[in-house]
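# Coordinates in review
What follows is the residue order along each chain.
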Amino acid sequence: MARHKKRGIEYFSLDCNFFSNRKIKILKSRYGADGITIFIYLLCEIYKNGYYIIVDDDFYYIVSDDLNMNSDKVKQVLTFLLERSMFDKQLFQSDAVLTSAGIQERFQLAVKTRAKKNPIKVDRFWLLNEEETEPFIKVTHFEDNSENNTDNSKKNNDNSREESLKESKVKESKYYYSNPDLNREFCLYLDMRNHTGPTLSAEQINALKEELDSLAENDSDKLGIVRKAFGGGYKSFFPTSKKRKKSTPKPKKEETIHNFTQREVKDCDYENLERQLLKKQLGDDITYG
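These notes cover the structure that comes with them. (Residues numbered from 1 in each chain as written. Predicted model: local features only at pLDDT ≥ 70, side-chain atom pairs only at ≥ 80, totals over all residues. Heavy atoms only, no water.)

## Brief notes about the pattern of salt bridges
This model, assessed by the stated rule, comprises nine salt bridges. The closest approach of N and O atoms between Arg30 and Glu185, which form a salt bridge, is 2.3 Å. Linking Arg30 in helix H1 (residues 22-49) with Glu185 in helix H9 (residues 180-196), this pair joins segments that are 155 residues apart in sequence. What makes Glu185 buried here is its relative accessible area of 2%. Between Glu45 and Lys48 there is a salt bridge, with the nearest N and O atoms lying 3.1 Å from each other. Highlighted residues: Glu45 and Lys48, both in helix H1, separated by three residues, approximately one helical turn. A single salt-bridge network, built from bridges that share partners, covers Arg30, Glu185 and Arg227. (Salt bridge = Lys/Arg side-chain N within 4 Å of Asp/Glu carboxyl O. Helix = DSSP H or I, 4+ residues; strand = E, 2+ residues; numbered from the N terminus. Buried < 20%, exposed > 50% of the residue type's maximum accessible area, 1.4 Å probe, protein only.)

Set out below in structure tokens:
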């Protein structure tokens with residue numbers, strides 16, 4: 001009986017400077033330990049299956065159940081990872097596939113020993129070009145292209161790169177705010193909304209922008225509002241802090257003693273005060289000796 005060929009690898013290397021990476025620092029500052037956990041979980045799933053995984057309708061429920069996290073948080077972290085190019089965004093949008101060139105480079109190193117004896121055949125979702133691919137990785141479309149025309153593979157790679165450049169230019173052309181940080185965070189929020197729900201129309205985007213502008217005057221406050229909405233997965237914007245109304249001091253009530261003010265008590269002597277009290281209790285026809 002033929003032995004079943006391994007698709008993935010049993011372990012992968014983690015660089016010692018993992019937490020020194022700027023993208024990892026931002027991921028941790030945004031989502032804390034949960035963000036790091038989700039990222040490493042996805043890497044484990046990818047390497048366990050080879051060099052990619054396909055995200056289907058049940059994917060988010062499985063991840064949230066395995067990690068005991070809310071599925072919305074999983075979606076938010078994945079959106080962040082795609083925006084920061086920690087996974088290939090173009091391939092995810094076209095085929096719902098999670099992978100990256102870096103993942104595939106490390107996959108090559110991990111299978112090097114066994115693949116030299118039994119070359120690994122790759123048929124799809126391979127991002128590395130022919131020069132970057134090791135000889136023991138047999139990419140189907142490389143072989144097909146070399147049979148027909150040795151220049152076709154280079155042309156295809158050039159075309160794919162041109163398309164990715166066009167997409168990046170289109171992405172950069174999304175200009176909502178002159179402040180680059182605010183514009184980037186606003187675009188990131190829009191991508192999160194499009195990823196977790198129906199695609200936003202131009203009218204909805206303009207309405208969100210008007211709402212944000214109405215909540216804050218300066219860019220730093222707007223930036224805080226957008227980050228709060230992105231981190232919470234909100235469908236709308238909310239002010240970061242409520243302005244407290246200045247409370248007007250209530251006028252102090254003048255203390256009274258038996259319906260007489262302190263001033264009245266001070267101005268008259270106790271004898272007169274006693275007379276006035278008796279007069280109120282017994283009537284006005286009281287005479288004193």
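After that view, the rundown keeps rolling.
## With respect to helix H11 (residues 219-232)
An α-helix turns once every 3.6 residues. As a result, residues three or four positions apart point the same way. For H11, with 14 residues, the first-to-last C-alpha span of 20 Å sits near the 20 Å given by 1.5 Å per residue. For H11, the full list of buried residues reads Lys222, Leu223, Ile225, Val226, Ala229 and Phe230. Down the axis, H11 shows its buried residues gathered within 165 degrees of arc, on one side only. Elements in contact with the buried residues of H11: H1, helix H3 (71-83), H9 and helix H10 (202-215). One or two positions beyond H11, positive phi appears at Gly233, with a value near 70 degrees. (Expected span 1.5 Å × (residues − 1). Arc of directions from axis to C-beta. Contact = heavy atoms within 4.5 Å.)

## Notes on a negative patch on the surface
Negative charge collects at one region of the surface, where Glu105, Glu130, Glu131 and Glu132 lie side by side. Position of Glu105 relative to the elements: it lies in helix H5 (residues 101-110). For Glu105, a relative accessible area of 39% puts it in the partly exposed group. (Patch = residues over 30% accessible without salt bridge, like charges linked within 9 Å, V, L, I, M, F, W, Y side chains within 5 Å. Areas by Shrake-Rupley, 256 points an atom, 1.4 Å probe, with all protein chains shown as cover. Lys, Arg positive; Asp, Glu negative; His and termini not counted. Charge placed at Lys NZ, Arg CZ, Asp CG, Glu CD.)

## Some thoughts on H5
Of all the positions in H5, only Ile103, Gln104, Phe107 and Gln108 are classed as buried. Taken end-on, H5 shows its buried residues confined to a sector of 140 degrees, consistent with a single buried face. Against the buried residues of H5 lie H1, helix H6 (112-117), strand S3 (120-122) and strand S4 (137-139).

## Quick word on the packing of aromatic side chains
One pass over the structure, following the stated rule, counts 16 aromatic pairs. Their ring planes at 55 degrees and their centres at 6.3 Å tell us that Tyr31 and Phe230 sit as a pair that is tilted. Taken together, the residues Tyr31 in helix H1 and Phe230 in helix H11 connect sequence positions 199 residues apart. Residue Tyr31 is classed as buried on the basis of its relative accessible area of 8%. Given a relative accessible area of 1%, Phe230 falls into the buried group. An angle of 65 degrees between the planes, with centres 5.0 Å apart, marks the rings of Tyr51 and Tyr52 as edge-to-face. (Phe/Tyr/Trp six-rings, centres within 6.5 Å; stacked < 30°, edge-to-face > 60°.)

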